[in-house]
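Remarks on the overall topology
What follows is each chain in one-letter form.
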Amino acid sequence: EVSELHDLMRSGCPIEVRGGPENSHGKVNILLQVYISRTRLESFALTMDAAYIADNAPRICRALFELSLKRGWCSMADTFLNMCKSFEHRCWSHEHSLRQFSNILKPDILYKLERKNLSV
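Reference entry: report on the structure contained in this document.

Calculation notes
Residues numbered from 1 in each chain as written. Predicted model: local features only at pLDDT ≥ 70, side-chain atom pairs only at ≥ 80, totals over all residues. Heavy atoms only, no water. Helix = DSSP H or I, 4+ residues; strand = E, 2+ residues; numbered from the N terminus. Buried < 20%, exposed > 50% of the residue type's maximum accessible area, 1.4 Å probe, protein only. Contact = heavy atoms within 4.5 Å. Areas by Shrake-Rupley, 256 points an atom, 1.4 Å probe, with all protein chains shown as cover. Lys, Arg positive; Asp, Glu negative; His and termini not counted. Charge placed at Lys NZ, Arg CZ, Asp CG, Glu CD. Salt bridge = Lys/Arg side-chain N within 4 Å of Asp/Glu carboxyl O. Core = buried A, V, L, I, M, F, W, Y, C linked by side-chain atoms within 4.5 Å. Phe/Tyr/Trp six-rings, centres within 6.5 Å; stacked < 30°, edge-to-face > 60°. Lys NZ or Arg CZ within 6 Å of the ring centre and 35° of its normal. Expected span 1.5 Å × (residues − 1). Bend = angle between axes of the 7 residues up to and from the residue. Polar contact = N/O pair within 3.5 Å; in protein donor to acceptor, adjacent residues only side chain to side chain.

1. A look at the overall build of the protein chain
Within the protein chain one finds five helices and zero strands. Sequence-ordered secondary structure for the protein chain, helices as α and strands as β, is α-α-α-α-α. Here the C-alpha coordinates of the protein chain stretch approximately 45 × 40 × 20 Å along the principal axes. Taking all 120 residues of the protein chain together, 32% fall into the buried category. Pairs at least 24 residues apart make up 36% of the contacts formed inside the protein chain by residues separated by at least 6 positions. Of the roughly 8,300 Å² that the protein chain leaves accessible, carbon and sulfur atoms contribute 57%. For the protein chain, the centre of its 16 positive side-chain charges and the centre of its 14 negative side-chain charges are spaced 7 Å apart.

2. Description of the pattern of salt bridges
Tallying each qualifying case throughout the model produces four salt bridges. In this structure, the salt-bridge partner of Lys-27 is Asp-49, at a minimum N-O distance of 2.8 Å. Placement of the pair is Lys-27 in helix H2 (residues 24–37) and Asp-49 in helix H3 (residues 44–71), with a sequence separation of 22 residues. Across the pair Arg-62 and Glu-88 runs a salt bridge whose closest N-O atoms are separated by 2.9 Å. With Arg-62 in helix H3 and Glu-88 in helix H4 (residues 74–89), this residue pair connects regions lying 26 residues apart in the sequence. In this structure Glu-88 comes out as partly exposed when scored by relative accessible area, which is 46%. One salt-bridge network, held together by shared partners, links Glu-1, Lys-27 and Asp-49.

3. Re the nonpolar core
Grouped together as the largest cluster of nonpolar side chains are 21 residues, with contacts concentrated most on Leu-8, Ile-30, Leu-31, Val-34, Leu-41 and Phe-87. Those elements that provide at least two residues to this core are helix H1 (2–12), H2, H3 and H4.

4. With respect to the packing of aromatic side chains
Under the defined criterion, the tally for this structure stands at zero aromatic pairs. Between the NZ or CZ atom of Arg-90 and the centre of the ring of Tyr-35, over which it lies, the distance is 4.3 Å.

5. Quick word on H3
Taking 1.5 Å per residue, 28 residues should reach 40 Å; H3 reaches 41 Å between its end C-alpha atoms and fits that length. Of all bends in H3, the biggest is about 30°, found at Asn-56, and the proline Pro-58 comes one to four residues later. Among all positions of H3, only Leu-46, Ala-50, Ile-53, Ala-54, Asn-56, Ala-57, Pro-58, Cys-61, Phe-65 and Ser-68 are buried. Packing partners of the buried residues in H3 comprise H1, H2 and H4. The residue sitting at the N-terminus of H3 and contributing the capping side-chain oxygen is Ser-43; that oxygen lies 3.4 Å from the backbone nitrogen of Ala-45. Gly-72, located one to two residues past H3, shows a positive phi value of around 85°.

6. Observations concerning the environment of Met-76
Here Met-76 lies in helix H4. You can call Met-76 partly exposed: its relative accessible area is 38%. C-alpha separation for the pair Met-76 and Leu-64, spaced 12 residues apart in sequence, amounts to 9.1 Å.

Here is the structure:
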């Protein structure tokens, strides 16, 4: 499991993972990034862990967004809102918004859209 987490960290994690896959925080971080990046998992145990994290992460993120909004922490609320969008659409905030339809659109079309900075 740790070796697969190391591979996933190299291939599916665009953001640095502090602590690595050896501790639980690093494992959750890797699985969250892999979920958003739509990277395929091989291990059944990691698939089950990723499913659990994918079910609960958007709810926790939405609760943190609402809490920061009620307390008036605007920049923190903006950060949590972007994270919520990433979890729900499985698309990073720096990627083109049509990437959420990657099962319909071809990868070369998405690449061209991102390269030319076209908007919807």
